[in-house]
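# An overview of the molecular structure
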Amino acid sequence: QVGKRSVWYKIKNEATTSPAARRNRIITVDTFPSLVPPTSGCPPQQPLDTLLAVYIGPDQANSFSQLQPLAFNDDYEENVDVYSRVIFLAPPTPQAYYIAVDGKNGSSGNFILRIMSEPAPEGFKNRVGQITEEELNAALQAEAKAKE
């Protein structure tokens, strides 16, 4: 799908010398429609249908050509067009993760962005990039069984 208006965010997952900090992280990024009414005096709009993309690149990137796509989502919930979610594995790195939130087909409006980070299960130790919730749940269940 095409987006024509975007808002960008940057997050860092710093490489450090601590062994615990060198573990891959699972980062979940969600967008939700905002319940805040518009302040322009215009009538309320439909909830914003978002497109969500994550890229990786240099911490001080100044052009899109410096970024590599990592994860993308249009509609997280089936038959509900307004939520977007990406889950990806992020190793400790001096590079940054760039998050683009777009309105589908050039639409605009208010949204809520939520970013969560947690240690990755050991099964994802050597992997980077987008994962599905099914993969994540299976890895978490396997790790829990291994600890029993």
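Summarised in this report is the structure supplied together with it. (Residues numbered from 1 in each chain as written. Predicted model: local features only at pLDDT ≥ 70, side-chain atom pairs only at ≥ 80, totals over all residues. Heavy atoms only, no water.)

### Remarks on the overall build of the chain
On a plain count of helices and strands, the chain comes out with one helix and eight strands. Residues counted as buried form 37% of the 148 residues belonging to the chain. Taking the contacts inside the chain whose residues are at least 6 apart along the sequence as the reference set, 78% of them involve residues at least 24 apart. Element-wise, carbon and sulfur atoms account for 52% of the exposed surface of the chain, whose accessible area totals about 9000 Å². (Helix = DSSP H or I, 4+ residues; strand = E, 2+ residues; numbered from the N terminus. Buried < 20%, exposed > 50% of the residue type's maximum accessible area, 1.4 Å probe, protein only. Contact = heavy atoms within 4.5 Å. Areas by Shrake-Rupley, 256 points an atom, 1.4 Å probe, with all protein chains shown as cover.)

### Concerning the pattern of salt bridges
Across all of its chains, the model carries seven salt bridges by this definition. Across the pair Arg85 and Asp30 runs a salt bridge, and its minimum N-O distance is 2.5 Å. Highlighted residues: Arg85 in strand E5 (residues 84-90) and Asp30 in strand E2 (residues 25-33), separated in sequence by 55 residues. Just as Arg85 is buried, Asp30 falls in that class too. A salt bridge links Lys104 to Asp49; the shortest N-O distance between them is 3.7 Å. With Lys104 in strand E6 (residues 96-104) and Asp49 in the loop between E2 and strand E3 (50-57), this pair connects stretches of sequence that are 55 residues apart. Among the residues examined, Lys104 registers a relative accessible area of 13% and is labelled buried. (Salt bridge = Lys/Arg side-chain N within 4 Å of Asp/Glu carboxyl O.)

### Some points on the sheet that holds strand E8 (residues 129-131)
Read from one edge to the other, the open sheet built from four strands follows the order E7-E2-E5-E8, with strand pairing classed as antiparallel. Lying at the two open borders of the sheet, with one neighbouring strand each, are strand E7 (111-119) and E8. Averaged over all pairs of adjacent strands, the angle between their axes in this sheet comes to 30°, without regard to strand direction. (Pairing = 2+ DSSP bridges. Axes fitted to C-alpha atoms, helices over the stretch in contact; angles between N-to-C directions.)

Keep in mind these numbers describe shape, not what the thing actually does.
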